[in-house]
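# A structural walkthrough
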Amino acid sequence: MPGTILWDVDTQIDFVHADGKLAVPGAEEVVPAMQRLVEAARAAGIPHVASADDHELTDAEISDEPDFETTYPPHCLRGTRGARKIDETDQQDPVPIGLELLPEKFLRGREFLLLKKHFDVFTNPNTEHLVEVLDPDEVILFGVATDVCDDAAIRGLLERGRRVVFVEDAARGLDEARVERAKAVWHRGGVEFVTAEDAVRRWSRNAEPLPMSH
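All chains use their own residue numbering, which begins from 1 and follows the written sequence. For a predicted model such as this one, the threshold for reporting local features is a pLDDT of at least 70, and the threshold for listing and counting side-chain atom pairs is 80 or more; totals across whole chains, interfaces and linings nevertheless cover every residue. Here the side-chain values reflect all heavy atoms present in the structure, with hydrogen atoms and water set aside.

Moving on, we come to the overall build of the protein chain. In terms of regular secondary structure, the protein chain is built from six helices and seven strands. Counting from the amino terminus, the protein chain carries its helices and strands in the arrangement β-α-α-β-β-β-α-β-α-β-α-β-α. Radius of gyration here is computed from C-alpha atoms only, and the compact-globule reference equals 2.2 Å multiplied by the residue count raised to the power 0.38. Computed over C-alpha atoms, the radius of gyration of the protein chain comes to 16 Å, within 12% of the 17 Å expected from 2.2 N^0.38 for 214 residues, which places it in the range of a compact globule. In terms of principal-axis extent, the alpha carbons of the protein chain reach across some 50 × 35 × 30 Å. All accessibility values rest on the Shrake-Rupley procedure with a 1.4 Å probe; residue burial counts only the protein chains present in the view. About 10,200 Å² of surface is accessible on the protein chain, with carbon and sulfur atoms providing 50% of the total. Per the convention used, a helix needs a DSSP run of H or I reaching at least four residues, while a strand needs a run of E reaching at least two, with both numbered from the N terminus.

Have a look at this one:
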């Protein structure tokens, strides 16, 4: 589906699994919808952009006394099991994108992994450039947490003039009141709300086989 990208927000073990260090309530329940999106996007040849927290204990966001707004307990620490993406949304061969600016020649492919040390993915200076290079007509977004990292990503995309489609049944939040406030802002910004099956139906009508790798 030309002009569409799938944006996968922080589907990491520490957030999604119930025993994760910063488990999002109900996240495990929506894993099948997350998996459906990733597999359908792969089949349709749609770019899959994933963000992932890549924390160290000294990061400003990490605190022993977190306020759960700007600071959080240790989670997704580099090299730990909890920092890994869940199997259901894992990428096959992503371009890893850290905080050092990458030349445009590296921003090629179908899968991209944006690493970050802050809940806002646009604090990675490569994010804006990647969006410009991909230049999507529409961004299909899912993941966790709705009221934190999803919210920051959606606001950032809207500020950059991108059309955003939010997959409600492939996302969960930390605080329901904050989730509702975020959604109200998104509605005013023109965000479309769909289910995973809605998104997959769009793609399946436009699916193209991926070239075989050698």
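From this point, the narrative continues.
Moving on: a negative patch on the surface. Patch membership requires more than 30% relative accessible area and the absence of a salt bridge. Residues of like charge join within 9 Å; the nonpolar side chains Val, Leu, Ile, Met, Phe, Trp and Tyr join within 5 Å. Salt bridge, as used here, is a side-chain nitrogen of Lys or Arg placed within 4 Å of a carboxyl oxygen of Asp or Glu. Positive charges come from Lys and Arg alone, negative charges from Asp and Glu alone, with His and the N- and C-terminal ends not counted. Each charge is placed at NZ for Lys, CZ for Arg, CG for Asp and CD for Glu. On the surface, a cluster of negative charge is made up of Asp67, Glu69, Asp175, Glu176 and Glu180. Positionally, aspartate 175 belongs in the loop between strand E6 (164-172) and helix H5 (176-188).

Moving on, we get to the layout of surface pockets. Here the largest pocket defines a volume of roughly 190 Å³. We place a 1 Å grid over just the protein atoms. Points where a 1.4 Å probe fits but has no way out form a cavity, open points with protein on both sides within 12 Å along at least 5 of 7 lines form a pocket, and any residue with an atom within 4 Å of a point lines it. Taken together, Gln12, Ala52, Asp53, Asp54, Arg78, Gly79, Ala83, Arg84, Lys85, Asp90, Leu113 and Leu115 make up the full set of residues lining the largest pocket. Elements supplying a minimum of two residues to the lining of the largest pocket: strand E2 (48-53) and strand E4 (111-116). Gly is placed with the polar residues, together with every amino acid not listed as nonpolar (Ala, Val, Leu, Ile, Met, Phe, Trp, Tyr, Cys and Pro) or charged (Asp, Glu, Lys and Arg). Of the residues assigned to the lining of the largest pocket, the class counts are four nonpolar, two polar and six charged. Grid points are joined across faces, edges and corners, and a volume is the space filled by probe spheres set on the points.

Moving on to the nonpolar core. Grouped burial of nonpolar side chains is what soluble globular proteins tend to show. Within this scheme, the nonpolar core is defined by two criteria: the residues are buried Ala, Val, Leu, Ile, Met, Phe, Trp, Tyr or Cys, and they are joined through side-chain atoms within 4.5 Å. Partly exposed describes any residue whose relative accessible area lies between the buried limit of under 20% and the exposed limit of over 50%, with all areas from a 1.4 Å probe on protein chains only and scaled to the type maximum. By size, the foremost hydrophobic cluster in this structure holds 62 residues, and its most contacted members are Trp7, Leu37, Leu141 and Trp203. Here the element with the most residues in this core is helix H2 (residues 31-44); it accounts for eight residues. Excluding its chain neighbours within four sequence positions, the residues that come into contact with leucine 141 are Trp7, Val9, Asp150, Ala153, Ile154, Leu157, Val164, Val165, Phe166 and Val167. Residue contacts are defined here by distance: any two heavy atoms, one from each residue, within 4.5 Å place the two residues in contact.

The next subject is the sheet that holds E4. Across the sheet, seven strands lie side by side as E3-E4-E2-E1-E5-E6-E7; this open sheet has parallel pairing. Every interior strand has two partners, whereas the edge strands, strand E3 (95-97) and strand E7 (192-194), have only one. Neighbour-to-neighbour, the strand axes of the sheet open up by a mean angle of 20 degrees, direction not taken into account. For E2 and E4, the ladder comprises six bridges, and the chain directions are parallel. By the bridge assignment for E4, alanine 52 is matched with leucine 115. Paired strands are those between which DSSP finds at least two bridges. Think of each axis as a best-fit line through the C-alpha atoms, taken over the contacting stretch in the case of a helix, with angles from 0 to 180 degrees between the N-to-C directions.

For helix H4 (residues 146-159), the tally of buried residues reaches eleven of 14 residues, placing the bulk of the element in the interior. Structurally, H4 contributes buried residues whose contacts are with strand E1 (4-9), E4, helix H3 (125-134), strand E5 (138-144), E6 and H5. Phi turns positive one or two residues past the end of H4, at glycine 161, with a value near 75 degrees.

All chains considered together, the criterion is met by one cavity of 30 Å³ or more. Around the largest cavity, the lining comprises 14 residues; the ones closest to its centre are Phe15, Leu22, Val148, Cys149 and Leu174. Counted by class, the lining of the largest cavity contains ten nonpolar, one polar and three charged residues.

Interaxial distance between H2 and helix H6 (residues 196-204) falls to 10 Å at its minimum, and their mutual angle equals 10 degrees. It follows from the interaxial angle that H2 and H6 lie roughly parallel. Seen from H2, the contacting residues are Ala33, Arg36, Leu37, Ala40, Ala41 and Ala44; seen from H6, they are Ala196, Glu197, Ala199, Val200 and Trp203. Among the residues making up the contact of H2 with H6, the classes are represented as nine nonpolar, no polar and two charged. Every angle not falling under 35 degrees, over 145, or within 65 to 115 is termed oblique; those three ranges are roughly parallel, roughly antiparallel and roughly perpendicular.

The next point concerns the environment of leucine 57. As for its position among the elements, leucine 57 is in the loop between E2 and E3. Note on leucine 57: relative accessible area 61%, which makes it exposed. Once the C-alpha coordinates of leucine 57 and aspartate 175 are considered, the two residues, 118 residues apart in sequence, prove to be 24 Å apart. Apart from the residues within four sequence positions on either side, leucine 57 is in contact with Ile62, Pro74 and Leu77.

Counting buried residues along E1, six of its six residues qualify, which places the element largely inside the surrounding structure. Across the two faces of E1 the burial is the same, with Thr4, Leu6 and Asp8 and Ile5, Trp7 and Val9 all buried. Looking at chain direction, E1 and E2 are connected through four bridges and run parallel. When the sheet's bridge partners are listed, valine 9 is paired in E2 with serine 51.

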